[in-house]
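# Reading the structure
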Amino acid sequence: MLEINLNLKNTEPYQMVSQDFWRSSRKIIKADWNEEFFRNEQVEAEMVKFIQSGLYNVYPDVEAYDLRKALSGFHGVPIENISVFNGSDEALDVICRTFLNKGDKVVVRNPEYSNFYVFVQSSGAMLMKHYQDEPFVVEESKLHDFIRNEKPKIFYTSNPNNPTGYLYDANFLLELVEEFTDTLFIIDEAYIHFAFDQREAMDKLLVQSVNHNNLVVTRTFSKLFSLAGLRVGYVVSSRSNIEYLSVLKKPKNVSMISQVAARTAIENWGFYDMKKREVVQAREEFIISVRNLKNVEMVANSKGNFVSIRFGKRVNVNSLIENLRSKGLYVRNRSNIDQLENVIRITLLDPFTMHEVTEIIKDCLESFS
């Protein structure tokens, strides 16, 4: 009998969301995987133009030059410091396989984006979760001391954090990078656009990453840019790190139509900046409205395009989720994560839809009164 990779024996697969959205003909409010549904006419026009050109029968530009050039101008960093991947998940996987050896320590602060755990454990590294008393509050000094004591090969965080929505201060993270030079800091900024009004603040860590060999920043087009189905993400880091990653990176990993769509999205930043502000408005209104509902114990002050809600003990979360689904609302069950008992996470959509979401939750909570 063939033996599988021994590292996989103790690796738990990432838990997927329901695929009813693709199977069902009924209306579904998809609020379970943090996608956005903005449609940009310019992006769609360029995709159609590319298809009509017939060039989809040629392998894509393996250097993703036009997209990297657009990103370089957008962020103000050299093109040589950018590498494009088939979604930021692929980037995280390649980073782990590039830098980790068997037995290396990898520190995360619980709770965290659990798909990253698969990349760590399948590399044979040791995942170390740092627990604090309150998962929705950041205690920077305790995290600092944990990293100092454990001396990990890698520290990973999503920022804003998924699933709590808290945001690390960029200055604090940069201080860690500069103090612990033997640790590679991976900052996953999938949701960073929803945390800041100004691009300068949004890009603070990303710009600094080109000057630090122990700092890697990842971004995605799956959230604000609404291109989740096209799978585009990218890494910004020092030139030496970009060269290391190129060894394992698949050269034909990002289709040409995906490159075209992502480049056009960057060139139409004004549209997405406006949509971001709509999401932020919906977030603030939703948090206020849900906090007033019965059996709601806590609503997180999220900086992402999602909000986590903890319900009181009278609420059976599994039953609640089934009730929500029966009304067409699909959310993410996070109560299987340590310290997140009775917690669900809801993607923030447009203000009109979020009003409908609030009413559905309110109605379903009535059965637990």
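Residues numbered from 1 in each chain as written. Predicted model: local features only at pLDDT ≥ 70, side-chain atom pairs only at ≥ 80, totals over all residues. Heavy atoms only, no water.

The next subject is the overall build of the protein chain. For the protein chain, the count of helices and strands is 14 helices and 13 strands. Against the compact-globule benchmark of 21 Å for 369 residues, the protein chain has a radius of gyration of 21 Å, which places it among compact chains. Considered along the principal axes of its C-alpha atoms, the protein chain spans approximately 60 × 55 × 55 Å. Of the roughly 16900 Å² that the protein chain leaves accessible, carbon and sulfur atoms contribute 50%. Computing the positive centroid from 44 side-chain charges and the negative centroid from 49, the protein chain places the two 3 Å apart. (Helix = DSSP H or I, 4+ residues; strand = E, 2+ residues; numbered from the N terminus. Rg over C-alpha atoms; globule rule 2.2 N^0.38 Å. Areas by Shrake-Rupley, 256 points an atom, 1.4 Å probe, with all protein chains shown as cover. Lys, Arg positive; Asp, Glu negative; His and termini not counted. Charge placed at Lys NZ, Arg CZ, Asp CG, Glu CD.)

Moving on: empty space enclosed by the protein. The final tally for this structure, using the stated rule, is three cavities of 30 Å³ or more. The space that makes up the largest cavity amounts to roughly 60 Å³. Those elements giving two or more residues to the lining of the largest cavity turn out to be α8 (199–202) and α9 (204–208). Its residues placed into classes, the lining of the largest cavity shows eight nonpolar, one polar and two charged. (1 Å grid on protein atoms, 1.4 Å probe; cavity = no way out; pocket = protein on both sides within 12 Å on 5 of 7 lines; lining within 4 Å. Points joined across faces, edges and corners; volume = space filled by probe spheres on them. Nonpolar A, V, L, I, M, F, W, Y, C, P; charged D, E, K, R; others polar.)

The next subject is the environment of S319. Here S319 is to be found in helix α13 (residues 317–326). Separated by 208 residues in the primary sequence, S319 and P111 have C-alpha atoms spaced 23 Å apart.

Time to look at the pairing of strand β4 (residues 126–130). Here five bridges tie strand β3 (residues 105–109) to β4, and the two strands are oriented parallel to one another. Its bridge partner lying in β4, K105 is registered against M126. Remark: the β3/helix α5 (residues 115–122)/β4 crossover connection has right-handed handedness. (Pairing = 2+ DSSP bridges. Right-handed = clockwise from strand over helix to strand, strands pointing away.)

Another aspect to go through is the nonpolar core. F221, F286, I309 and I346 are the most contacted members of the largest nonpolar core, which has 87 residues in total. Considering each element in turn, this core owes the most residues, seven residues, to helix α12 (residues 269–291). What F286 contacts, discounting residues up to four positions off in sequence, is V307, I309, I346, L348, M354, V357, T358 and I361. Grouped together as the second largest cluster of nonpolar side chains are 27 residues, Y14, V94, L100 and V235 included. (Core = buried A, V, L, I, M, F, W, Y, C linked by side-chain atoms within 4.5 Å. Buried < 20%, exposed > 50% of the residue type's maximum accessible area, 1.4 Å probe, protein only. Contact = heavy atoms within 4.5 Å.)

As a further point, take α13. Every buried residue of α13 is listed here: V317, L320, I321 and L324. Along α13, the residues classed as buried sweep out an arc of 100° about the axis, all on the same side. Those residues of α13 that are buried lie in contact with β10 (306–311), β11 (329–330), β12 (332–333), β13 (343–347) and α14 (351–365). The N-capping residue of α13, defined by a side-chain oxygen 3.1 Å from the backbone nitrogen of N318, is N316. Residue G328 follows α13 closely and has a positive phi angle near 90°. (Arc of directions from axis to C-beta. Polar contact = N/O pair within 3.5 Å; in protein donor to acceptor, adjacent residues only side chain to side chain.)

The final tally for this structure, using the stated rule, is 15 aromatic pairs. The interplanar angle of 70° and the centroid separation of 5.9 Å between the aromatic rings of Y14 and Y113 together place this pair among those described as edge-to-face. Note that Y14 is positioned in the segment before α1 (20–23) and Y113 in the loop between β3 and α5, a separation of 99 residues in sequence. Y113 matches Y14 in its accessibility class, with the two residues each being buried. Each ring, one from F271 and one from Y272, has its centre 4.9 Å from the other, and the planes form 90°; the classification is edge-to-face. Aromatic rings pair up to connect F74, F221, F225, Y234, W269, F271 and Y272 into one cluster. K252 extends its terminal NZ or CZ atom over the ring of Y59, reaching a point 4.1 Å from the ring centre. (Phe/Tyr/Trp six-rings, centres within 6.5 Å; stacked < 30°, edge-to-face > 60°. Lys NZ or Arg CZ within 6 Å of the ring centre and 35° of its normal.)

Positionally, S240 belongs in helix α10 (residues 239–248). In sequence terms S240 and Y113 are 127 residues apart; their C-alpha atoms lie 27 Å from each other.

As a further point, take the sheet that holds strand β2 (residues 82–85). Across the sheet, which stays open at both edges, the seven strands sit in the order β2-β8-β7-β6-β5-β3-β4 with mixed pairing between neighbours. Edge positions in the open sheet fall to β2 and β4, since each of these has one partner strand only. Each adjacent strand pair in this sheet contributes to an overall mean axis angle of 20°, direction not counted. Its contacts with the sheet place helix α6 (residues 140–150) against β3, β4, β5 (154–158) and β6 (184–188), and it is angled at close to 150° to β4. (Axes fitted to C-alpha atoms, helices over the stretch in contact; angles between N-to-C directions.)

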